[in-house]
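Read off the chains here:
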Amino acid sequence: MFVMNLKCLFRGFLTFFFLLFLSSCSNGEEATFQEIQEKTDFALNTVTTIKLYEAPSFAEEDWEKSFGVLRELEDRMSSHKEGTEVMQINLSAGLKPVRVSDDTFEVIRVAKEIAEETDGNFDPSVGAITKLWKIGSDDQHVPQKNEIEEALKKVDYRKIILDEKEKTVFLEEEGMWIDLGAIAKGFASDKVSSHLSDRGVKRAILNFGGNIALLGSKEDGVAWKIAIRKPDRNRFAIYASLFAQNESVVSSGDYERFFEQGGKIYHHIINPFTGYPTENGIRGASVILESSMRADAYATALMVMGKERAIEFIEKKGLEAMLIFEDMSSYQSFNKDRNLELGLE
Ligand code: ADP
Ligand code: MG
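Residues numbered from 1 in each chain as written. Chains lettered and ligands numbered in written order. Predicted model: local features only at pLDDT ≥ 70, side-chain atom pairs only at ≥ 80, totals over all residues. Heavy atoms only, no water.

1. Quick notes on the overall build of the protein chain
Counting its secondary structure elements, the protein chain contains nine helices and 16 strands. Taking all 345 residues of the protein chain together, the buried fraction comes to 57%. For the protein chain, the accessible surface area stands at approximately 15,400 Å², while carbon and sulfur atoms represent 48% of it. (Helix = DSSP H or I, 4+ residues; strand = E, 2+ residues; numbered from the N terminus. Buried < 20%, exposed > 50% of the residue type's maximum accessible area, 1.4 Å probe, protein only. Areas by Shrake-Rupley, 256 points an atom, 1.4 Å probe, with all protein chains shown as cover.)

Here you go:
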């Protein structure tokens, strides 16, 4: 069972306050007619905040419903919790297909598609490896080399068999294990965003553990100013800011979850070909897209690809993205009108 440690929780709150600060001081004063309503909760193994800017008034019950959407997804897609659909798929690996909800099917379908697109740098079947490391839990540790070698044989997204008609998922080999940690938060952001929109919300910022989804704009014709964090494990600092609206700004980095053993740092983004945390000079990757789910998966994939391949991929796909390197230099492909500001500290 994974338990979030307090350090992570604290860091999540810091992310949240920094974002608030930026979004509220970006364009002069906060419009006074906007009554801001917000709530923070702990879901999907991270700090999740919903901040409503222009919305019909939200009663306790409405908040419950909105966070309920999140909890429902967690209860379906977690690979650590007992009884989830993903857990059933994993426990049935090599045995039988498992029928799942439309949401779970959709996330696994897109995850497999992105695994293909990224040549397996993003691979939802990396669970066989992440299950050994248990990063982010009280039980995190460096696995034995032979354990990793054995588990690597079980990592292969091509062996995730989907039946569109029956809505079933089958892992072909015993021991395979799906982990949707790099894509589920994005899907949840999309889902909660559209729930809020259906509920009459016009403007909102959702921050699910650094996965930022923006509903509408800050004001008519005024975008939100969003911060990109500096990849620094020791303190909280801002690397860049840019304007965005009606889309998601998703970051992945080696500073989010990690531990130290024998003087070495091990973080939570795994190279599915080696079974070890990435060590390729990329410290952080951010992607801007309308789909939070895709942005989430791409950001993780870019972290794994390494500099050259990541840049090649961004250019080939025409992605708006940023890579921050070991020496704190960066590459970015954002549109000019985002007014990217660097070196903010
Ligand atoms: P965060 O959860 O910090 O936002 P990511 O979106 O990059 O960061 O997701 C990292 C999580 O995704 C890990 O904790 C793990 O569960 C899973 N994961 C790690 N490496 C990969 C990978 N190469 N492909 C797919 N999922 C991964
Ligand atoms: Mg991700």
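2. Details of the nonpolar core
One finds Leu-180, Leu-196, Leu-302 and Leu-323 to be the most contacted residues of the largest nonpolar core, which totals 68 residues. Per-element accounting of this core gives the leading share, ten residues, to helix 8 (residues 292-305). Setting aside anything within four residues of it in sequence, one finds Leu-302 in contact with Ile-282, Ala-285, Val-287, Ala-310, Phe-313, Ile-314, Ala-321 and Leu-323. Grouped together as the second largest cluster of nonpolar side chains are 16 residues, Ile-205, Ile-226, Ile-228 and Leu-242 included. (Core = buried A, V, L, I, M, F, W, Y, C linked by side-chain atoms within 4.5 Å. Contact = heavy atoms within 4.5 Å.)

3. Brief notes about unusual backbone geometry
One non-glycine residue, Leu-44, adopts positive backbone phi at about 50°. Note on placement: Leu-44 falls in the loop between strand 1 (37-43) and strand 2 (46-54). Notably, Asn-339 is not glycine yet its phi reads approximately 50°, a positive angle. With respect to the helices and strands, the residue Asn-339 is situated in the loop between strand 15 (330-332) and strand 16 (341-342). Judged by its relative accessible area of 45%, Asn-339 falls in the partly exposed class.

4. What to know about the side chain of Asp-123
Among the structural elements, Asp-123 can be located in the loop between helix 4 (102-117) and helix 5 (127-133). Salt bridges are absent for the buried Asp-123, whose nearest opposite-charge side chain, Arg-158, sits at 6.8 Å. Once you skip the residues sitting within four places of it in the chain, Asp-123 turns out to touch Ala-115, Val-155, Asp-156, Tyr-157 and Pro-272. (Lys, Arg positive; Asp, Glu negative; His and termini not counted. Salt bridge = Lys/Arg side-chain N within 4 Å of Asp/Glu carboxyl O.)

5. Focus on the sheet that holds strand 8 (residues 224-229)
Ordered in space as 8-9-16, the three strands form an open sheet in which the pairing is antiparallel. Of all the strands in the sheet, just strand 8 and strand 16 have a single pairing partner and so form its edges. In the sheet, strand 9 (residues 238-244) pairs with strand 16 via two bridges, with the strands oriented antiparallel. Each bridged residue has a counterpart across the sheet, and for Ala-240 the counterpart in strand 16 is Leu-342. (Pairing = 2+ DSSP bridges.)

6. Notes on the coordination of the magnesium ion (ligand 2)
Coordination sphere of the magnesium ion (ligand 2), protein contribution only: Ala-182 (O), Asp-296 (O), Asp-296 (OD) and Thr-300 (OG1), at 2.0 to 2.7 Å. Considered as a linear motif, the donors of the magnesium ion (ligand 2) on their single chain read A-x113-D-x3-T. On the criterion of sequence distance, the pair formed by Ala-182 in the loop between strand 5 (168-171) and helix 7 (184-198) and Asp-296 in helix 8 is long-range, its members being 114 residues apart. (Donors = N, O, S within 2.8 Å, 3.2 Å for Na, K, Ca; no water.)

7. A few points about the pairing of strand 7 (residues 211-215)
For strand 7, the tally of buried residues reaches five of five residues, placing the bulk of the element in the interior. With burial as the criterion, each face of strand 7 is covered, one bearing Asn-211, Ala-213 and Leu-215 and the other bearing Ile-212 and Leu-214. Both strand 6 (residues 203-208) and strand 7 contribute to a ladder of five bridges, which runs antiparallel. Its bridge partner being in strand 7, Phe-208 is matched across the sheet by Asn-211. Connecting strand 6 to the antiparallel partner strand 7 that follows it, the hairpin turn spans two residues, and Gly-209 within it adopts a positive phi of roughly 55°.

8. A closer look at the packing of helix 4 against helix 8
For the pair helix 4 and helix 8, interaxial distance at closest approach is 10 Å and the crossing angle is 40°. It follows from the interaxial angle that helix 4 and helix 8 lie oblique. You can see that helix 4 and helix 8 cross each other, and the crossing is right-handed. Facing Glu-106, Val-107, Val-110, Glu-113, Ile-114 and Glu-117 of helix 4, the residues of helix 8 in contact are Met-293, Arg-294, Ala-297 and Tyr-298. Among the residues making up the contact of helix 4 with helix 8, the classes are represented as six nonpolar, no polar and four charged. (Axes fitted to C-alpha atoms, helices over the stretch in contact; angles between N-to-C directions. Parallel < 35°, antiparallel > 145°, perpendicular 65-115°, else oblique. Left-handed = near helix turned anticlockwise from the far one by under 90°. Nonpolar A, V, L, I, M, F, W, Y, C, P; charged D, E, K, R; others polar.)

9. Topic: the site of ligand 1
What surrounds ligand 1 is a group of 18 residues, the closest being Asp-179, Lys-185, Ser-252, His-268 and Thr-300. One nitrogen or oxygen atom from the side chain of Lys-185 is found 2.8 Å from an oxygen atom belonging to ligand 1. Thr-300 has a polar side-chain atom sitting 2.7 Å from an oxygen atom of ligand 1. Burial of ligand 1 by the protein chains amounts to 93% of its free accessible area of 570 Å². At three residues, helix 8 tops the list of elements feeding residues into the shell around ligand 1. (Near = heavy atom within 4 Å. Polar contact = N/O pair within 3.5 Å; in protein donor to acceptor, adjacent residues only side chain to side chain.)

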